[in-house]
Amino acid sequence: MIFPRTLFKTAFTSGYRYNSTLVVAEHSGDALSKITLNAIAAANKLGSDISVLVTGSNVKKIAEETSKVNGVKKVIVADDPKLKDQLPECVADVIVAAHKQNNYGSIIAGASSFSRGIIPRVGGILDVSPISEITEIHSNDTFTRPMYAGNAMAKIKSKAPVKLITVRGAAFEAASNTGGSGAIEDAPKVEIKEHGATFVSKEIVKSDRPELTSAKIVVSGGRGFKSKENFELVYKFADALNAGVGASRAAVDAGFCPNDLQVGQTGKIVNPSLYICCGISGAIQHVAGMKDSKVIVAINTDKEAPIFQIADYGLVADIFKAIPEFIDEVKNTK
Ligand SMILES: Cc1cc2nc3c(=O)[nH]c(=O)nc-3n(C[C@H](O)[C@H](O)[C@H](O)COP(=O)(O)OP(=O)(O)OC[C@H]3O[C@@H](n4cnc5c(N)ncnc54)[C@H](O)[C@@H]3O)c2cc1C
């Protein structure tokens, strides 16, 4: 027999839990990644009681930074030398332990290569289907996500007891990194196992230019540049505009630039105020990564190139002639 008081308590507690959300923080070791602010903004839309999980080694500074983000009620910290490199297997175990303790209604992370390794693992352990790259939240069980390289939008209702979600950064304004005063506490203790994987090394591309996914202006180059040397013109154009640099997969595959610049279905998704495509044809896989940009400009010698169908401003011209003219023009107006 259930006593009314127990019933009330259970109903109250489960209602509370249903609204509670765990956001998995992504950080560089020095700072919180912007995509985590987008994920917190999405969690705010769920109207939830938001906790953020920070994993890593010596992450006190990150935890403090996170506690100041608007809307964050609690920061749960798993600080362990074994979490230094945040291997997805280990982070997934910490998330599962936190969920077992707190029974969240949703677990959210920004859609990035960091979360792509983690959220499906958590799904496997909890036997729940993750919902990837949502762009809209209709209620706490109904979401929109793009399919077929952004050519169709699916509205999904999830019956899962815990919603495992990754959030497309470009679709949610970043939560303010001030105004919050979340309580910081330790994550539940969990033995960090190696799972047969160890971290070996990492190569980071260093650049002083604005980061591609958060830049207000992006200049992107494609196969039209024909060589790595010619691709330097893209960097010059970007520097004149204080812009981030992007590229098509054809440019990356041809070795003109590193693959972290790739924009598209298998690269990064961007939505800057201004996206300038130079020598890019506009294949659907590229367009999937930039079509939500506010203003799109295309420069291409082929007036039939598909990119002109989505460009707000198009210039049928040779990039090797047009870009230097643009750069001079920008310098003259400064
Ligand atoms: C599963 C899958 C995933 C993919 N993912 C991605 C992705 O994430 N991102 C991506 O970009 N692609 C992706 N692709 C590849 C995509 O299909 C295209 O092959 C690629 O985007 C083409 O790149 P591009 O426009 O630079 O090259 P091209 O299609 O060769 O276009 C080059 C353009 O440059 C123009 N041009 C040439 N010379 C000049 C000049 N001097 N001045 C001006 N214009 C000039 C030409 O007219 C042409 O339009 C993917 C493909 C597959 C199958």
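If you're wondering where the values come from, they're calculated on a predicted model, not measured in any experiment.

Rules and cut-offs
- Residues numbered from 1 in each chain as written.
- Predicted model: local features only at pLDDT ≥ 70, side-chain atom pairs only at ≥ 80, totals over all residues.
- Heavy atoms only, no water.
- Pairing = 2+ DSSP bridges.
- Helix = DSSP H or I, 4+ residues; strand = E, 2+ residues; numbered from the N terminus.
- Axes fitted to C-alpha atoms, helices over the stretch in contact; angles between N-to-C directions.
- UniProt positions renumbered as here; feature names shortened; annotations may be inferred.
- Salt bridge = Lys/Arg side-chain N within 4 Å of Asp/Glu carboxyl O.
- Phe/Tyr/Trp six-rings, centres within 6.5 Å; stacked < 30°, edge-to-face > 60°.
- Buried < 20%, exposed > 50% of the residue type's maximum accessible area, 1.4 Å probe, protein only.
- Polar contact = N/O pair within 3.5 Å; in protein donor to acceptor, adjacent residues only side chain to side chain.
- Contact = heavy atoms within 4.5 Å.
- Near = heavy atom within 4 Å.
- Areas by Shrake-Rupley, 256 points an atom, 1.4 Å probe, with all protein chains shown as cover.
- 1 Å grid on protein atoms, 1.4 Å probe; cavity = no way out; pocket = protein on both sides within 12 Å on 5 of 7 lines; lining within 4 Å.
- Sits in = over half its atoms within 2 Å of the grid points.
- Nonpolar A, V, L, I, M, F, W, Y, C, P; charged D, E, K, R; others polar.
- Points joined across faces, edges and corners; volume = space filled by probe spheres on them.
- Parallel < 35°, antiparallel > 145°, perpendicular 65-115°, else oblique.
- Left-handed = near helix turned anticlockwise from the far one by under 90°.

### Side note on the sheet that holds strand S8 (residues 152-157)
Logical step 1: One open sheet accounts for three strands, arranged S6-S7-S8; its pairing is antiparallel. With partners counted over all chains shown, the strands left at the sheet margins are strand S6 (136-139) and S8, one partner each. Each adjacent strand pair in this sheet contributes to an overall mean axis angle of 30°, direction not counted.

### Re the UniProt feature "domain: Electron transfer flavoprotein alpha/beta-subunit N-terminal" (unreviewed entry) in the protein
Logical step 1: When the UniProt feature table is mapped onto this chain numbering, "domain: Electron transfer flavoprotein alpha/beta-subunit N-terminal" (unreviewed entry) sits at residues 21-203.
Logical step 2: With 27% helix and 30% strand, the stretch residues 21-203 has end C-alpha atoms that lie 33 Å from each other.

### Examining the pattern of salt bridges
Logical step 1: Per the counting criterion, the structure on display carries 12 salt bridges.
Logical step 2: In this structure, the salt-bridge partner of lysine 73 is aspartate 49, at a minimum N-O distance of 4.0 Å. With a gap of 24 residues between them, lysine 73 in strand S3 (residues 72-79) and aspartate 49 in strand S2 (residues 49-56) connect regions that are remote in the sequence.
Logical step 3: Across the pair glutamate 185 and lysine 74 runs a salt bridge whose closest N-O atoms are separated by 4.0 Å.

### Some remarks on the packing of aromatic side chains
Logical step 1: Counted according to the given criterion, the structure contains five aromatic pairs.
Logical step 2: Their ring planes at 85° and their centres at 5.9 Å tell us that phenylalanine 225 and phenylalanine 320 sit as a pair that is edge-to-face. Highlighted residues: phenylalanine 225 in the loop between strand S11 (217-221) and helix H6 (228-241) and phenylalanine 320 in helix H10 (residues 319-333), separated in sequence by 95 residues.
Logical step 3: For phenylalanine 225, a relative accessible area of 0% gives the class buried.
Logical step 4: A relative accessible area of 33% places phenylalanine 320 in the partly exposed class.
Logical step 5: Of the aromatic side chains, those joined through ring pairs into one cluster are Phe225, Phe231, Tyr235, Phe256 and Phe320.

### Let's talk about the side chain of threonine 142
Logical step 1: Relative to the helices and strands, threonine 142 is located in strand S7 (residues 142-147).
Logical step 2: Separated by 2.8 Å, the side chains of threonine 142 and aspartate 141 make a polar contact.
Logical step 3: Each residue touching threonine 142, except ones within four places of it in the same chain, is listed here: Ile137, Lys155, Ile156 and Lys157.

### What about the site of the ligand?
Logical step 1: Taken together, 26 residues form the shell around the ligand, and within it Arg223, Ser248, Thr266, Ser281 and Asn300 come nearest.
Logical step 2: Between the ligand and valine 263 there is a distance of 2.8 Å, counted from a nitrogen atom to a backbone nitrogen or oxygen.
Logical step 3: In isolation the ligand has 980 Å² of accessible area, and contact with the protein removes 75% of it.
Logical step 4: One can see that the ligand is located within the second largest pocket.
Logical step 5: Of all the elements in the fold, those that place two or more residues in the shell around the ligand are helix H7 (249-253), helix H8 (284-287) and H10.
Logical step 6: Looking at the shell around the ligand residue by residue, the classes come out as seven nonpolar, 14 polar and five charged.

### What to know about the layout of surface pockets
Once rolled over the atoms, a probe with the size of a water molecule shows which space is left empty.
Logical step 1: Taken as a whole, the second largest pocket spans an internal volume of roughly 290 Å³.
Logical step 2: Forming the boundary of the second largest pocket are 18 residues, of which Ser248, Arg249, Ala250, Ala283 and His286 lie nearest the centre.
Logical step 3: Listing elements by their share of the lining of the second largest pocket, those giving two or more residues are H7 and H8.

### Points about the packing of helix H4 (residues 88-102) against helix H5 (residues 113-126)
For any two helices packed against each other, the geometry is given by the interaxial angle and the distance between the axes.
Logical step 1: For the pair H4 and H5, the least separation of the axes is 9 Å and the interaxial angle reads 50°. Accordingly, the angle class assigned to the pair H4 and H5 is oblique. Crossing of H4 against H5: the hand is right-handed. Between H4 and H5, the residues in contact are Pro88, Glu89, Val91, Ala92, Asp93, Ile95, Val96 and His99 and Gly117, Ile118, Arg121, Val122, Ile125 and Leu126, respectively.

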